[in-house]
Amino acid sequence: MAKVSVANNVSKSNRNWIRGYTIAGFFLFITYQFLLPWDGLPSGIYQTVNQWMPPSAVNESLVYVIMALGLNIVVGYAGLLDLGYVAFWAIGGYCAGWFMSEFFYFLNIHFFGSVPAGTPGIHINFWMVLIIGGFVCALFGVLIGAPTLRLKSDYLALVTLGFGEIIPQVFFNGENFFGFNISNGTKGIVVVDPSPAGFKNLGPFDAGWKLLLFLFLTAVMVFISLRLRRGRLGRAWLAVREDELAASMMGVPLMRTKLAAYAVGAFAGGLGGVAFATHVNGVYAERFNFAISIFLLAMVVLGGMGNVWGVILGAFVLSWVNGNGLSAFGRVYNDSFGTSIDFTSFTFLLFGLVLIFMMLFKREGLIPESRMKLLMHEGELDDADSDGKKQKAGK
Amino acid sequence: MAKAAVATKFSGTPGQIRRQRIERIGATAISLGAAFWMLINIIESPDQFAQSAIAGLRNGLIYAMIALGYTLVYGIIELINFAHGDLFMLSAVFSSFFITYWIGADESNGFGWFAFALCLVAVMVFGAVVNVLIERFAYRKLRNAPRLSTLITAVGMSFLLNFIGLKWNGSTPRQWPTVIPSGDIYLGEIRISMLTIWLFLIGFPLLLALNYLVTNTKQGKAMRATSQDKDASTLMGINVNKTIAFTFAIGGAMAGAAGLLYQQSIGTTNYNLGFQLGLIAFTAAVLGGIGNLWGAVLGGLVIGLIQGLNDGLPIAFGQAWSQTVVFTILIIILVFKPAGLLGKVTTEKV
């Protein structure tokens, strides 16, 4: 059992993906940046693509991919359930809001920013804010993890859930946080600086170029995920996931390993948060709710916990369905059958059923990781466990 | 891990001793802080304090009833049943429709009480049936699967119930007439609504009945045996599946009753109320010590009290921070005393 999984997962060189990823990425970029706006294109194609898969939907999906990859490190690699991942998204988003806008109007700090020097507020370069956001989130990940990681898995899930409820509420009520305005409350921090990409500052309408930016960030996350998984830390994560006790007997430092998973996962959440802020050009407190955490978890589960490509697929599919796919399908369906069914209201049903049926019939996800597959079906052939089938047979 | 439990017996490593000391100091500081806060408020405005406390306890009773479902299910199959809060929501919607549309009672008179009594039975059956169905079709198949799978299924179930609530109740909150008399009685300066009294008169017997069921009947004995060791109970002739289904049934019945009481006391239903109340109720269960029935009741009342005080007192964070206060309590409890107020410290089973 162990032999198979090692051969399949660890010793295989996994640098080959870069070529395929680059080709696919450039294909996407060229399509959206040059081909779609091109006048020579038959108008039907433009309409169809814009209805089913507009560039902003692809960008949003990519942001979700970044975040889901981060959650995958916590849930998929280290096996720690995190139900409050949205907190890191919020913190990352507000890092962008604080350091890349006119929010702190009484300050005037510029550091390679993309706006003219006279503008009030803190304006730090987008790439640096990415790193700042990542590290602030990682710090929060460690802070929340340090006292709580010795808890059993369910309790840990609960603490993360509480954390995921508290942080958004702090931002939601942040207009008056002990007398300070830290987040502008429900109004949100509206204009975030355009992100400089070397030759051009990417504003709200540069969806095509932003696609390239997000593709790059996703590639960074994929790279980090794959490299870490092969390394010492990644193997320690898998060991902890599969059997905590055995892992600690083998000399894996449990606390440090789990904390590292939290920190790296939170870092990705920060990246995603900053990226999302630039995607929607603002930070809005009411967007950070518990449903997002579950949504991200569903992406990881649907795609295949622990498998980077599975998670990417899951994130793409679910965020597309949630953002654009379901409403586009509803529009087409209603037009062609003359009905007026509100398809977007079926999101709950769809996600609920996806989670339940995936867990019942394909626990390891669409593109499973082989070790996870073994793990997920470990208990099924156990001996005298109170299994439904055996009880029936015993009667 | 079981470090804390071990450290009380052996002296432990210096790190463990230090951690214990920090924990003890922290816990003392927090309780002192809470006591101080309450004291200031009592001196500041005693009437408001009493009134907020009563309102909080009323909510606390509902939390306690929901928390019982969580604690029962967790006690027996170690699952955080995320769908439980939404079952409560569905029960609230069910009882609104039952009383207002299907029976047609909309004021507090004899007929209203008749409708209420009928509804109490109906909604308890409803909650029990839905919960048993959920267990039968989703959780039972996953009993031997990793914890994570069952938990995610529970989250999926919660979404599913949420969807049913959305379609049944509509996406906006709904106002309903109530059939419990709404007068007030005065205890000096303190106003107590009749509603609160009726709620306690109806709710507490249910809690007592549940406790009797679990501690004094054969079925309750089977439940406790199953929660300790499923294999051994199978060998002793206990039908484990039936026992677990029964546990879900009584948990669901309590959620149903809580739904009715909530709907009658607040008068509005909303499709997403189950999530927030469910989380608060679960916090209550953890606070009291999960798996412990009276712990859940105590935890529910304490959480309700703290929330009520926080929402109503002059010197407090106010309603906008309600969730934050509750979840901060949850985190503090989990960090300092994971076993809860009434729970026993158990060592990790290997």
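Residues numbered from 1 in each chain as written. Chains lettered and ligands numbered in written order. Predicted model: local features only at pLDDT ≥ 70, side-chain atom pairs only at ≥ 80, totals over all residues.

Counting its secondary structure elements, chain A contains 16 helices and five strands. Within chain A, the fraction of its 395 residues that count as buried is 46%. Residue pairs in contact within chain A that sit at least 24 positions apart in sequence constitute 75% of those at least 6 positions apart. (Helix = DSSP H or I, 4+ residues; strand = E, 2+ residues; numbered from the N terminus. Buried ≥ 20, exposed ≤ 12 C-beta atoms within 10 Å, placed from the backbone. Contact = placed C-beta atoms within 7 Å.)

With that settled, the discussion passes to the overall build of chain B. Check the secondary structure of chain B and you find 13 helices and four strands. In terms of overall dimensions, chain B is globule-like: its C-alpha atoms have a radius of gyration of 21 Å, near the 20 Å expected for 350 residues. Here the analysis covers contacts within chain B between residues at least 6 apart in sequence; of these, 77% occur between residues at least 24 apart. (Rg over C-alpha atoms; globule rule 2.2 N^0.38 Å.)

All names here are of chain B. It is the contact of helix α3 (residues 46-77) with helix α11 (residues 273-288), at a shortest axis distance of 8 Å, that shows an interaxial angle of 70°. Viewed along their axes, α3 and α11 adopt a mutual orientation that is roughly perpendicular. The residues of α11 that touch α3, namely those facing Tyr63, Ala64, Ile66, Ala67, Tyr70 and Thr71, are Leu277, Gly278, Ile280, Ala281, Phe282, Ala284 and Ala285. (Axes fitted to C-alpha atoms, helices over the stretch in contact; angles between N-to-C directions. Parallel < 35°, antiparallel > 145°, perpendicular 65-115°, else oblique.)

With 43 residues of chain B at the interface, the matching set in chain A holds 44 residues. Those elements giving two or more residues to the side of chain B that touches chain A turn out to be α6 (147-169), α9 (230-235), α10 (240-266), α11 and α13 (322-336) of chain B. If you tally residues by element for the side of chain B that touches chain A, the top one is α6 of chain B, at 14 residues. Tallied by class, the residues present in the side of chain B that touches chain A amount to 27 nonpolar, ten polar and six charged. (Nonpolar A, V, L, I, M, F, W, Y, C, P; charged D, E, K, R; others polar.)

All names here are of chain A. The alternating pattern of strand β3 (residues 121-124) places Gly121 and His123 and Ile122 and Ile124 on opposite faces, both of which are buried. Two strands pair when backbone bridges link them, and strand β1 (residues 100-101) and β3 are joined in this way by two bridges, in the antiparallel orientation. Of the residues in β3, the one forming a bridge with Ser101 is Ile122. Across four bridges, strand β2 (residues 108-111) lies against β3 in parallel orientation. For His110, the partnering residue across the bridge sits in β3 and is His123. (Pairing = 2+ DSSP bridges.)

Another aspect to go through is the nonpolar core. A general trend in soluble globular proteins is that nonpolar side chains are found buried together. Among the nonpolar cores identified, the biggest contains 222 residues, and Ile66, Ala68 and Met299 of chain A together with Ala64, Ile66 and Ala67 of chain B are the most heavily contacted of them. By residue number, the principal contributor to this core is α3 of chain B, which donates 19 residues. (Core = buried A, V, L, I, M, F, W, Y, C linked by C-beta atoms within 7 Å.)

Turning our attention to the packing of helix α5 (residues 110-139) of chain B against α10 of chain B. Residue and element names in this part refer to chain B. The interhelical angle for the contact between α5 and α10, taken along N-to-C directions, is 140°, at an axis separation of 7 Å. Considering the angle they form, α5 stands oblique to α10. Note that α5 runs across α10; the crossing there is right-handed. Of the residues in α10, those in contact with Cys119, Leu120, Val123, Met124, Phe126, Gly127, Ala128, Val130, Asn131, Val132, Glu135 and Arg136 of α5 are Ile244, Ala245, Phe248, Ala249, Gly251, Gly252, Ala253, Ala255, Gly256, Ala257, Gly259 and Leu260. Residues belonging to the contact of α5 with α10 are distributed by class as follows: 16 nonpolar, six polar and two charged. (Left-handed = near helix turned anticlockwise from the far one by under 90°.)

Further remarks concern unusual backbone geometry. Positioned with a positive phi, Asn281 of chain A is a non-glycine residue whose angle comes to about 60°. Within the secondary structure layout, Asn281 of chain A lies in the loop between α11 (254-280) and α12 (290-303).

When the terminal C-alpha atoms of α13 of chain B are compared, their 21 Å separation across 15 residues agrees well with the 21 Å that a helix rising 1.5 Å per residue should span. Turning to α13 of chain B, its buried residues number three or more, namely Gln323, Thr324, Val325, Val326, Phe327, Ile329, Leu330, Ile331, Ile333 and Leu334 of chain B. (Expected span 1.5 Å × (residues − 1).)

Residue and element names in this part refer to chain B. By the secondary structure assignment, Phe246 is in helix α10. On the basis of neighbour count, Phe246 is assigned to the buried category, with 22 C-beta atoms found within 10 Å. On a C-alpha basis, the gap between Phe246 and Asn131 in space is 9.7 Å, while along the polypeptide they are 115 residues apart. In contact with Phe246, other than residues within four places in its own chain, are Gln219 and Met223.

Ordered in space as β1-β3-β2 (chain A), the three strands form an open sheet in which the pairing is mixed. Unpaired on one side and paired on the other, β1 and β2 of chain A mark the two borders of the sheet.

Glancing now at the environment of Phe327 of chain B. Here Phe327 of chain B lies in helix α13. Along the primary structure Phe327 of chain B and Phe97 of chain B are separated by 230 residues, whereas in three dimensions their C-alpha atoms are 32 Å apart. Once you skip the residues sitting within four places of it in the chain, Phe327 of chain B turns out to touch Gly162, Glu165 and Ile166 of chain A together with Thr283 of chain B.

This brings us to the confidence of the model for chain A. Residues and elements named next belong to chain A. Per-chain confidence: chain A averages 80 in pLDDT, with 89% of residues scoring 70 or above. Segment residues 1-11 is flagged for pLDDT under 50; beyond a separation of four residues in sequence, or across chains, it makes eleven contacts in the model. Confidence drops under pLDDT 50 across residues 383-395; counting only partners more than four residues distant or on other chains, this segment forms 13 contacts. (pLDDT = per-residue confidence, 0-100.)

With 94% of its residues at a pLDDT of 70 or more, chain B has an overall mean of 84. Reported confidence for the predicted complex is 0.80 by ipTM and 0.83 by pTM.

This next bit is on the environment of Thr215 of chain B. Within the element layout of this structure, Thr215 of chain B appears in helix α7 (residues 194-216). Here the alpha-carbon distance between Thr215 of chain B and Leu293 of chain B, two residues 78 residues apart in the chain, equals 9.9 Å.

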